[in-house]
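Coordinate inspection notes
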Amino acid sequence: MNRPEGSLRWLIVAIIVSLAQLGCSGTPQGIKPVDDFQLDRYLGTWYEIARLDHSFERGLSRVTADYSIAEDGGVRVLNRGFSQEEQEWNVAQGKAYFVGDDSTGHLKVSFFGPFYGSYVIFDLDKTDYQYAFVTSYSKDYLWFLSRTPTVSDDLLQRFMVAAQSSGFSTGDIIFVAQEVSDTNAD
């Protein structure tokens, strides 16, 4: 069953994660957000290529994040992922705002009320905005985002080297399936 608003499980997990991240809008030790960031170039759809797994995305494939300008001037965040086990899409809508100036790739994001977590872009293709490496307030969170559902081996290697040299647990990184494995999944 396809429920555009997402499942109750997804909402409950988003609430728990948001509560756990209360006041967590800092950056991990040794991680510096990118400068010369341009939000207008970052907007649009990104595919999740790899991540450190965590409960609120566990078991999801075909994960995307879509960023657009919200009515209040912030950033509207729409995350989607397909649960093969539940045979449905899980959708979470949130909002994000810059922590400091809008030319630094450091935002705070919320999927529930006033509770925010950090969104730190620490590596970015500043030429074409085709890939981004993102973390949160701790090195327990890591995402590799791309404008395309697949990337070159060279770019995967660049991500793994950047993750290892930044102190992330590279042995725990999972690679997200972006292909359609079930013709009834849409």
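Up top you'll find the structure we're talking about.
Below you will find a few notes about this structure. Since this is a predicted model, take the numbers as computed values, not measurements. (Residues numbered from 1 in each chain as written. Predicted model: local features only at pLDDT ≥ 70, side-chain atom pairs only at ≥ 80, totals over all residues. Heavy atoms only, no water.)

Here we come to the overall build of the chain. Scanning the chain from terminus to terminus reveals 3 helices and 9 strands. Put simply, the chain runs from its N terminus to its C terminus through helices and strands in the order α-α-β-β-β-β-β-β-β-β-α-β. By residue count, 48% of the 186 residues in the chain fall in the buried class. Here the contacts in the chain between residues at least 6 apart in sequence split such that 57% fall between residues at least 24 apart. For the chain, the exposed area adds up to about 9,400 Å²; of that, 52% sits on carbon and sulfur atoms. (Helix = DSSP H or I, 4+ residues; strand = E, 2+ residues; numbered from the N terminus. Buried < 20%, exposed > 50% of the residue type's maximum accessible area, 1.4 Å probe, protein only. Contact = heavy atoms within 4.5 Å. Areas by Shrake-Rupley, 256 points an atom, 1.4 Å probe, with all protein chains shown as cover.)

Next up on the list: unusual backbone geometry. When glycine is set aside, most residues are seen to have a negative phi, and most peptide bonds are trans. Within the chain, Arg-62 stands out as a residue other than glycine whose phi angle is a positive 50 degrees. The topology assignment puts Arg-62 in strand β2 (residues 60-69). Given the relative accessible area of 10%, Arg-62 is considered buried.

Under the definition given, this model contains 6 salt bridges. A salt bridge links Arg-158 to Asp-123; the nearest nitrogen and oxygen atoms lie 3.2 Å apart. In this pair, Arg-158 sits in helix α3 (residues 153-165) while Asp-123 sits in strand β6 (residues 115-124), placing the two residues 35 residues apart along the sequence. Looking at Arg-158, the relative accessible area reads 40%, which means it is partly exposed. The network of salt bridges with common partners includes Glu-48, Arg-51, Asp-53, Glu-57 and Arg-58. (Salt bridge = Lys/Arg side-chain N within 4 Å of Asp/Glu carboxyl O.)

A word on the packing of aromatic side chains. Inspection of the entire model under this criterion finds 18 aromatic pairs. Between the aromatic rings of Phe-133 and Phe-159, the centroid separation amounts to 5.1 Å while the plane-to-plane angle is 70 degrees, which identifies the pairing as edge-to-face. With Phe-133 in strand β7 (residues 131-135) and Phe-159 in helix α3, this pair connects stretches of sequence that are 26 residues apart. For Phe-133, a relative accessible area of 0% corresponds to the buried category. Aromatic pair Tyr-141 and Trp-143: ring centres 6.1 Å apart, planes at 20 degrees, arrangement stacked. An aromatic cluster is defined as three or more aromatic residues linked by ring pairs; in this entry it consists of Phe-37, Tyr-42, Trp-46, Tyr-67, Phe-98, Tyr-119 and Tyr-129. (Phe/Tyr/Trp six-rings, centres within 6.5 Å; stacked < 30°, edge-to-face > 60°.)

Further remarks concern empty space enclosed by the protein. Per the stated rule, a full pass over the model turns up 2 cavities of 30 Å³ or more. Of the volumes computed, that of the second largest cavity is approximately 70 Å³. Contributing to the lining of the second largest cavity are Leu-39, Tyr-42, Tyr-67, Val-75, Val-77, Ala-96, Leu-107, Val-109 and Tyr-119. Of all the elements in the fold, those that place two or more residues in the lining of the second largest cavity are α2 (39-42), β3 (75-83) and β5 (106-112). (1 Å grid on protein atoms, 1.4 Å probe; cavity = no way out; pocket = protein on both sides within 12 Å on 5 of 7 lines; lining within 4 Å. Points joined across faces, edges and corners; volume = space filled by probe spheres on them.)

When a protein is soluble and globular, its nonpolar side chains tend to lie buried together. Of all hydrophobic cores here, the largest spans 22 residues; its most connected members are Tyr-42, Tyr-67, Tyr-119 and Ile-121. Put simply, the parts of the chain that give this core at least two residues each are α2, β2, β3, β5, β6, β7 and β8 (142-146). For this core, the element with the highest residue contribution is β6, accounting for 3 residues. Dropping the residues within four chain positions of it, Ile-121 is found in contact with Lys-32, Pro-33, Val-34, Phe-37, Tyr-42, Gly-105, Ala-132, Phe-133 and Val-134. One finds Ile-31, Ala-50, Tyr-131 and Phe-144 within the second-largest nonpolar core, a separate group that totals 17 residues. (Core = buried A, V, L, I, M, F, W, Y, C linked by side-chain atoms within 4.5 Å.)

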